[in-house]
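# What the coordinates show
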Amino acid sequence: MSRKPPNIIVVVLDCVRAKSLRLWGGDSPAQTPQLDALARRGTTFRRAVAPANWTVPSHWSMMTGAYPAVHGMRLAGQGSSPRESIAAELGRAGYETALFSEQEFLLAGLGLESGYSLKVGPATGAGAITEDHAPHRSSLRGTDRLYSDWALRILGSVPPLMVPFTAFDYRVQTAYKRRICGDEIPQRLGAWLRTRDSSRPFHAFLNFVDAHEPYLSSSDSEPLRFLPRWYARTPRNFLLLLPGLRARTPWTALVKEYHRAISSADRKVGLLMEALTESHEIENTALIITSDHGQAFGEDGTVFHGNGATDAVTRVPLLVVPPEGHSHPETIDRWTSLCEVPAWVRGFVYGNFEVGAPPQRAGSDAQDHLPQGTVYCEGSPASDFGKLLRGRRPGERWNHRLLAAYHGNEKWTLDQDTGEVAHWEVNGWADDSVPGTPLEGAAARSVRGAIFAPYEKLQVGPKASTLDALAMEAAVAERLRSWGYD
Ligand SMILES: [Zn+2]
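Residues numbered from 1 in each chain as written. Predicted model: local features only at pLDDT ≥ 70, side-chain atom pairs only at ≥ 80, totals over all residues. Heavy atoms only, no water.

Okay, the sheet that holds strand β15 (residues 410-415) next. Spatially, β13-β14-β15-β16-β17 is the arrangement adopted by the 5 strands of the open sheet, whose pairing is antiparallel. Bordering the open sheet on either side are β13 (375-378) and β17 (437-439), each of which pairs with just one other strand. Going from strand to strand, the sheet's axes swing by 25° on average, the running direction of each strand aside. As paired strands, strand β14 (residues 402-407) and β15 are joined by 6 bridges and run antiparallel to one another. Along β15, the bridge assignment pairs Leu402 with Asp415. Contacts from helix α15 (residues 441-456) reach β13, β14, β15, β16 (421-425) and β17 within the one sheet, and its direction differs from that of β15 by about 80°. (Pairing = 2+ DSSP bridges. Helix = DSSP H or I, 4+ residues; strand = E, 2+ residues; numbered from the N terminus. Axes fitted to C-alpha atoms, helices over the stretch in contact; angles between N-to-C directions. Contact = heavy atoms within 4.5 Å.)

Okay, the environment of Arg236 next. Assignment of secondary structure puts Arg236 in helix α10 (residues 236-241). Taking the C-alpha atoms as reference, Arg236 lies 9.9 Å from Arg246; in sequence the two are 10 residues apart. There is a polar contact of 2.3 Å between the side chain of Arg236 and the backbone oxygen of His305. (Polar contact = N/O pair within 3.5 Å; in protein donor to acceptor, adjacent residues only side chain to side chain.)

Here we take up the environment of Asn307. Position of Asn307 relative to the elements: it lies in the loop between β9 (303-304) and α13 (311-314). When sequence neighbours within four positions are dropped, the list of residues in contact with Asn307 reads Asn53, Arg236, Leu240, Thr302, Val313, Gly379, Ser380 and Trp398. At 2.8 Å, the side chain of Asn307 forms a polar contact with the backbone oxygen of Val303. A polar side-chain atom of Asn307 sits 3.0 Å from the main-chain carbonyl oxygen of His305.

Time to look at the packing of aromatic side chains. Summed over all chains, the structure comprises 19 aromatic pairs. Plain terms: the ring middles of Trp54 and Phe105 are 5.4 Å apart, the flat faces sit at 80° to each other, and that makes the pair edge-to-face. Of this pair, Trp54 sits in the loop between β3 (48-49) and α2 (55-64) while Phe105 is found in the loop between β4 (96-101) and β5 (118-120), placing the two residues 51 residues apart along the sequence. For Trp54, a relative accessible area of 0% gives the class buried. Between Tyr215 and Phe297, the ring centres sit 6.1 Å apart and the planes meet at 45°, which makes this aromatic pair tilted. Separated by 82 residues along the polypeptide, Tyr215 in the loop between β6 (202-208) and α9 (226-231) and Phe297 in strand β8 (residues 296-297) bring together distant segments of the chain. There is no split in this pair, since Tyr215 and Phe297 are both buried. Members of the aromatic cluster, connected to one another through ring pairs, are Tyr215, Trp251, Tyr258, Phe297 and Phe304. Here the guanidinium or amino end of Lys411 rests over the ring plane of Trp424, the centre of that ring lying 4.9 Å away. (Phe/Tyr/Trp six-rings, centres within 6.5 Å; stacked < 30°, edge-to-face > 60°. Buried < 20%, exposed > 50% of the residue type's maximum accessible area, 1.4 Å probe, protein only. Lys NZ or Arg CZ within 6 Å of the ring centre and 35° of its normal.)

The coordination sphere of the zinc ion, as far as protein atoms go, consists of Asp14 (OD), Thr55 (OG1), Asp292 (OD) and His293 (NE2), spread over 2.1 Å. Classification of the site at the zinc ion rests on its 4 donor atoms, whose angles at the metal span 100 to 134°, yielding the label tetrahedral. Each donor residue of the zinc ion belongs to the same chain, with the gaps between them written as D-x40-T-x236-D-H. Of this pair, Thr55 sits in helix α2 while His293 sits in the loop between β7 (285-290) and β8; the two residues are 238 residues apart in sequence, bridging distant segments of the chain. Across the pair, His293 and Thr55 agree in class, each one buried. (Donors = N, O, S within 2.8 Å, 3.2 Å for Na, K, Ca; no water. Tetrahedral: all angles 85-135°; square planar, octahedral: opposite > 155°, others 65-115°.)

For helix α7 (residues 163-180), spanning 18 residues, the distance from its first C-alpha to its last is 25 Å, which sits close to the expected 26 Å at 1.5 Å a residue. Within α7, the full set of buried residues consists of Val163, Phe165, Thr166, Asp169, Tyr170, Val172, Gln173, Thr174, Tyr176, Lys177 and Ile180. (Expected span 1.5 Å × (residues − 1).)

Take the pairing of strand β1 (residues 7-13) next. For β1, a buried count of 7 out of 7 residues is recorded, marking the element as mostly surrounded by other parts of the structure. Alternating residues of β1 divide into Asn7, Ile9, Val11 and Leu13 and Ile8, Val10 and Val12, and every residue in both groups is buried. Where β1 lies against β7, 6 bridges are found, and the strand directions are parallel. For Val11, the partnering residue across the bridge sits in β7 and is Ile289. Judged from the 6 bridges that link them, β1 and β6 form a sheet pairing that is parallel. Its bridge partner lying in β6, Val11 is registered against Leu206.

These values are about where atoms sit, not about what they do.
Structure representation (structure tokens):
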């Protein structure tokens, strides 16, 4: 009996790192009952690595299967990847394609949304920025002035001076986050599932941003003294630029709030499952649940994401739940890049797919010549398209172009600015609290030649234009900057 090809849903829990989840062995992990239940029905990939440390390049990779070195879309520039997205391919194959995203980057006209016939963002998002954002616009102009050398010198020597700015910024950011992270997107997704023409298979791509900073305190938040509480709310770039502030930030308390935010993303996965059950689609749906990058809380000087290549940022959760009746292993322990996602989607659609099988190599693709079993993550400060971090704190690793590679029980980073190669042994995780052992001489040369050179040779993609060169709606650009992408 031939049945309808399976529906394919990709869920990105933006900013959720693997090490904060029980399934990936996190200590005092976030409560994620929905993910835990799904793991019992699917395959847990225990060594999944994001292709880049921030949203835009990582989504391009998930949607096209190409590493950032190939698609070249590292910045928030408009353009099209040299490879077609899986959504466009599925659309041609007769699938209905839909994008439901709380994350504005996916709906900002960068090209990421182009393969989807239905695009749904929060009603209060991009298209509907209203007058009440006006004070925020002026606060952003203030931000630029706060980046001047003299301002940073003063803020660095008297950190409490940062508090009034942080207080204003935090109020605006949290108001925005409350508006976009409610139940609107899962509800609209549910309504769509219940009313669409179910004779046609669908592909939906979802992004929930609950785990993105800023973090909202709740009644059971740890009581913090006045200054630490405000230091925990400082915008990312200032935590990067002012090591004094970083040293005073109560990271442990912040991680607890982050874990609460992960639980709220997990709850939305539950709403999705309810909607799939109600619309009788659940049995014929393949689910891929992951994140586009992790989130760091001071590890090796890295803050949130978009900087550094610590495991906190590079390693992401990854669950694959096949349609009912499809066999699958419980866990997969090989290194897995999110670049594999489009191949899996194709595999589910055309029915020739073994969950967890290593990627097939025909030899015709540039990436087929990367060393077998090795995965990469670009850890450049690439989200700094306003160049506000450029040239600042040049000694700190978070501000270097780092390329991370994992193979077997080893992790290396190549600092593309200095040529330095560092090595970690991976015992479950590479230790984020140490900068890695520098390799010298022949050892460095051999890792560079065998591991990094094949990736560096891939540099074939176009260079996306930077944000300031964009025709993107000004209000959207400002909103993106306010999230720290400045
Ligand atoms: Zn992201």
